[in-house]
Amino acid sequence: MSDLVSIFLQLLLFKLVAPVTFRHHRYDDLVRTLYKVHNECPHVTRVYSIGRSVKGRHLYVLEFSDYPGIHEPLEPEVKYVGNMHGNEVLGRELLLQLSEFLCEEFRNRNQRIVQLVEGTRIHILPSMNPDGYEVAAAAQDRDISGYLVGRNNANGVDLNRNFPDLNTYIYYNEKNGGPNHHLPLPDNWKNQVEPETQAVIQWIRSFNFVLSANLHGGAVVANYPYDKSLEHRVRGFRRTANTPTPDDTLFQKLAKVYSYAHGWMHQGWNCGDYFSDGITNGASWYSLSKGMQDFNYLHTNCFEITLELSCDKFPRQEELQREWLSNREALIQFLEQVHQGIKGMVRDENYNNLADAVISVSGINHDVTSGDHGDYFRLLLPGTYTVTATAPRFDPETVSVTVGPGEPKLVNFQLKRSTPPAAPKRRGPNSGHRGRVLPKKVQPRAARKKEMMVKQSQRVPA
């Protein structure tokens, strides 16, 4: 009964302005739906491809922004990724529904959605693994059951175990000292990953994403980093291996925002598992190496969580409407979480934008950097912080900032170019007191004449 009440209350939050068809979308249907949304909202959307799958299918992204295709300084970028595992399909359908919903509500001037679209650049990748989906969908059509059918890509690789392992390096650096952010990739990383993984890595390196969620199925819980435990273990064994990030409190809050806005995730008991508040640290659930959410945090400025949204990986079509109503408010609220903490511009004395400036927060051992336009975004919970901006060849600048629960605090930095220390004056070998040049020592003429006579007497006759 409580689930029905929750869904009814969520229905009151938004007025649906057009009938929505709840069905599963094969690849061609997915593409048509994305372009349909773009045609209905051409001024605030853009469809683009980040690459192709093993079978050559495009990995299409739908962007929402008041200036599609353009990064506006101080406007944060956020993304949703669905269907990373081809047989976990609810996220794919929810993101298509979300795309239609954002377009319809924007056209009807729903002020909450208008404010969200005009103040945020939203990127939606409904399917990271379209090849796997087609295998899973075909199996469903033939009524073939199988927990793993279609999970992997066309090469049989689990894409959520395919990103470069940066956790090993960060755990070493935390113990022995070293970088705490933007860890470098191996030189041959492109040879170690699948086409879909490579496309996503290049995508997240091309945009200064601030916040992200990766939509999965098979459980109902909001999972936050780290996914990889400091101690390797198997699922269901030693469940206390919590491995928090330096931003653990913030990640818990982000996960709770989704959990409590969801129809029943926050209740804890789902799919035979119990998670307090409907959230979990990934490593305390089971250790996962080379996953996407840890990679986002360790290689970019992006804070990503993983959303497990349904017990059934491939829910029946009749269940899609109920699932949409239970996730819709949570999907919107999570996007809104990108607007918290601090943000600002980093410039030099001549007001030139400084890219790759490092923004450090005292007490949180994880830095972020400014983007190509000189703007930065640092998600923070309410509180007072000491924040420092540094850049090569510039003097650092440190400020104290009080962050409230509302919109992010604007904190700009103007760095002064470092003055190189004056080189000490080098005195020549003959320099002396008061800068006077002393004359070279000169042998008396008689002494020189005597020395020459000695040398001649020592010559051997030819």
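Going by an unreviewed UniProt entry, the protein carries the name Carboxypeptidase N catalytic chain and comes from Sousa chinensis. Quoted straight from UniProt, the Subunit (unreviewed entry) entry for the protein says "Tetramer of two catalytic chains and two glycosylated inactive chains." UniProt lists a comment for the protein under the heading Function (unreviewed entry), and it reads "Protects the body from potent vasoactive and inflammatory peptides containing C-terminal Arg or Lys (such as kinins or anaphylatoxins) which are released into the circulation."

As for the overall build of the protein
Broken down by element type, the protein carries twelve helices and 18 strands. Put simply, the protein has 462 residues, and 54% of those count as buried. Taking as baseline every contact in the protein between residues at least 6 positions apart, the subset at least 24 positions apart corresponds to 75%.

What about the packing of aromatic side chains?
Considering all chains together, one arrives at 17 aromatic pairs under this definition. Summarising the aromatic geometry, the rings of Phe251 and Phe303 are spaced 5.3 Å apart at their centres and angled 25 degrees between planes, so their arrangement reads as stacked. Here Phe303 lies in strand S10 (residues 303-310) and Phe251 lies in helix H8 (residues 248-261), a separation of 52 residues in the sequence. Its relative accessible area of 0% is what places Phe251 among the buried residues. Of the residues examined, Phe303 reaches a relative accessible area of 2% and is grouped as buried. When the centroid spacing of 6.0 Å and the interplanar angle of 50 degrees are considered together, the rings of Tyr376 and Phe413 count as tilted. Linking Tyr376 in strand S14 (residues 375-378) with Phe413 in strand S18 (residues 413-415), this pair joins segments that are 37 residues apart in sequence. Pair check on accessibility: Tyr376 and Phe413 agree, each one buried.

Description of the sheet that holds strand S6 (residues 219-224)
Paired through backbone hydrogen bonds, the strands of a sheet run either parallel or antiparallel to each other. The strand order S1-S2-S4-S3-S5-S10-S6-S9 describes an open sheet built from eight strands, whose pairing is mixed. Two strands bound the open sheet, and with one partner strand each, they are strand S1 (45-52) and strand S9 (279-281). Strand-to-strand twist of the sheet, defined as the mean angle between neighbouring strand axes without regard to direction, takes the value 25 degrees. As paired strands, strand S3 (residues 77-82) and strand S4 (residues 121-125) are joined by five bridges and run parallel to one another. What sits directly across from Lys79, in S4, is His123.

Brief notes about the sheet that holds strand S12 (residues 358-361)
Spatial strand order, S13-S12-S15-S16: four strands in an open sheet with antiparallel pairing. In this open sheet, the two edge strands, each paired with only one partner strand, are strand S13 (364-369) and strand S16 (397-403). On average, each strand axis in the sheet is tilted by 25 degrees relative to the strand beside it, whichever way the strands run. Here S12 pairs with strand S15 (residues 383-390) via four bridges, running antiparallel. When the sheet's bridge partners are listed, Ile359 is paired in S15 with Ala389.

Quick word on helix H6 (residues 167-176)
Among the residues of H6, those classed as buried are Asn167, Ile170, Tyr171 and Asn173. Along the axis of H6, the buried positions cluster into a sector of 160 degrees, meaning they face one direction only. Exposed and oriented more than 90 degrees from the buried face of H6 are Tyr172 and Lys175. Contacts made by the buried residues of H6 are with helix H10 (292-299). Note on H6: the residue one or two positions beyond its end, Gly177, has a positive phi of about 95 degrees.

Description of the state of the cysteines
Scanning the entire structure with this criterion turns up two disulfides. Note on cysteine connectivity: Cys271 is disulfide-linked to Cys311, with sulfurs 1.9 Å apart. Disulfide Cys271 to Cys311: torsion about the S-S bond roughly -85 degrees, handedness left-handed. Here Cys271 is found in the loop between strand S7 (269-270) and strand S8 (273-274), whereas its partner Cys311 is found in the loop between S10 and helix H11 (320-336), with 40 residues between them in sequence.

Describing the packing of H8 against H11
Running from N to C, H8 and H11 point in directions that differ by 150 degrees, and their axes come no closer than 7 Å. By the angle between their axes, H8 is roughly antiparallel relative to H11. Judged by the twist between their axes, the crossing of H8 over H11 is right-handed. For the pair formed by H8 and H11, the contact residues are Leu254, Val257, Tyr258 and Ala261 on the first element and Ser326, Asn327, Glu329, Ala330, Leu331, Gln333 and Phe334 on the second. Here the contact of H8 with H11 is composed, by residue class, of seven nonpolar, three polar and one charged.

Calculation rules
Residues numbered from 1 in each chain as written. Predicted model: local features only at pLDDT ≥ 70, side-chain atom pairs only at ≥ 80, totals over all residues. Heavy atoms only, no water. UniProt positions renumbered as here; feature names shortened; annotations may be inferred. Helix = DSSP H or I, 4+ residues; strand = E, 2+ residues; numbered from the N terminus. Buried < 20%, exposed > 50% of the residue type's maximum accessible area, 1.4 Å probe, protein only. Contact = heavy atoms within 4.5 Å. Phe/Tyr/Trp six-rings, centres within 6.5 Å; stacked < 30°, edge-to-face > 60°. Pairing = 2+ DSSP bridges. Axes fitted to C-alpha atoms, helices over the stretch in contact; angles between N-to-C directions. Arc of directions from axis to C-beta. Disulfide = S-S within 2.5 Å. Parallel < 35°, antiparallel > 145°, perpendicular 65-115°, else oblique. Left-handed = near helix turned anticlockwise from the far one by under 90°. Nonpolar A, V, L, I, M, F, W, Y, C, P; charged D, E, K, R; others polar.

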